[in-house]
Amino acid sequence: MIQKSVIFHFPPELYDKPVISGLIRNCEVEVNILEAYISPQQAGHMFAILQGEEGRIDDALRYMEGMGVSMVLPVRNLVWDETKCVHCGACVGQCRPRAFRMESSRVVFDSARCVACNLCIPSCSYGAIESISSHLKRKGEI
């Protein structure tokens, strides 16, 4: 059995659909919901931990994508959006365990080294690194 943290972002048209019960039933995974905001006819989000066999977790993520749900897979309470990263290296200077480091003039993130100290978050002035709670609050405002 493995566990995977995931933040689901639901489009407004799914608010009245049994998406999570379908996920559990069709993919045979357990879902531990840690935080959720679902409201009629509005975009919603859910932070959850999926647990199950590795192949089942992959099936679950494909199922959700097929339902039109976008997702972010956070690591150690961090959401790193590499598309926002300009590879300036500011986070590298703050990261003592070297989870963020430079390779060939590009920032790379090794989640296995991350200790969730969050020192990298304020160092990124481009908003490429944020905590899960900040990510959920920001998405809740949309």
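Residues numbered from 1 in each chain as written. Predicted model: local features only at pLDDT ≥ 70, side-chain atom pairs only at ≥ 80, totals over all residues. Heavy atoms only, no water.

## Quick notes on the sheet that holds strand E1 (residues 2-10)
Spatially, 4 strands are ordered E2-E3-E1-E4 in an open sheet, and the strand pairing comes out antiparallel. On the outer flanks of this sheet lie strand E2 (30-37) and strand E4 (70-72), each paired with one strand and no other. This sheet shows a mean twist of 30 degrees between the axes of neighbouring strands, independent of strand direction. Relative to E2, helix H1 (residues 19-27) is tilted by about 165 degrees, and along the sheet it contacts E1, E2 and strand E3 (44-52). (Pairing = 2+ DSSP bridges. Helix = DSSP H or I, 4+ residues; strand = E, 2+ residues; numbered from the N terminus. Axes fitted to C-alpha atoms, helices over the stretch in contact; angles between N-to-C directions. Contact = heavy atoms within 4.5 Å.)

## Brief notes about the nonpolar core
Counting residues in each nonpolar core, the largest one holds 17 residues, and the members touching the most others are Phe 8, Phe 10, Leu 23, Leu 50, Met 64 and Val 69. Counting only elements with at least two residues in this core, the list comes to E1, H1, E3 and helix H2 (54-66). When sequence neighbours within four positions are dropped, the list of residues in contact with Met 64 reads Phe 8, Phe 10, Val 19, Ile 20, Leu 23, Val 69 and Met 71. Core analysis: the next-biggest nonpolar cluster, separate from the first, contains 13 residues, Cys 85, Cys 91, Cys 120 and Ile 129 among them. (Core = buried A, V, L, I, M, F, W, Y, C linked by side-chain atoms within 4.5 Å. Buried < 20%, exposed > 50% of the residue type's maximum accessible area, 1.4 Å probe, protein only.)

## Observations regarding the pattern of salt bridges
Overall, the coordinates contain 6 salt bridges when judged by the stated rule. Among the ionic pairs, Glu 28 bridges to Arg 56, the shortest N-O distance being 3.3 Å. One end of the pair, Glu 28, is in the loop between H1 and E2; the other, Arg 56, is in helix H2, with 28 residues separating them in the sequence. According to the relative accessible area criterion, Glu 28 is exposed, its value standing at 53%. The partner of Arg 101 in a salt bridge is Asp 110, with the nearest N and O atoms 3.9 Å apart. The class for Asp 110 is partly exposed, based on a relative accessible area of 24%. Put simply, Arg 101, Glu 103 and Asp 110 are held in one network by salt bridges that share partners. (Salt bridge = Lys/Arg side-chain N within 4 Å of Asp/Glu carboxyl O.)

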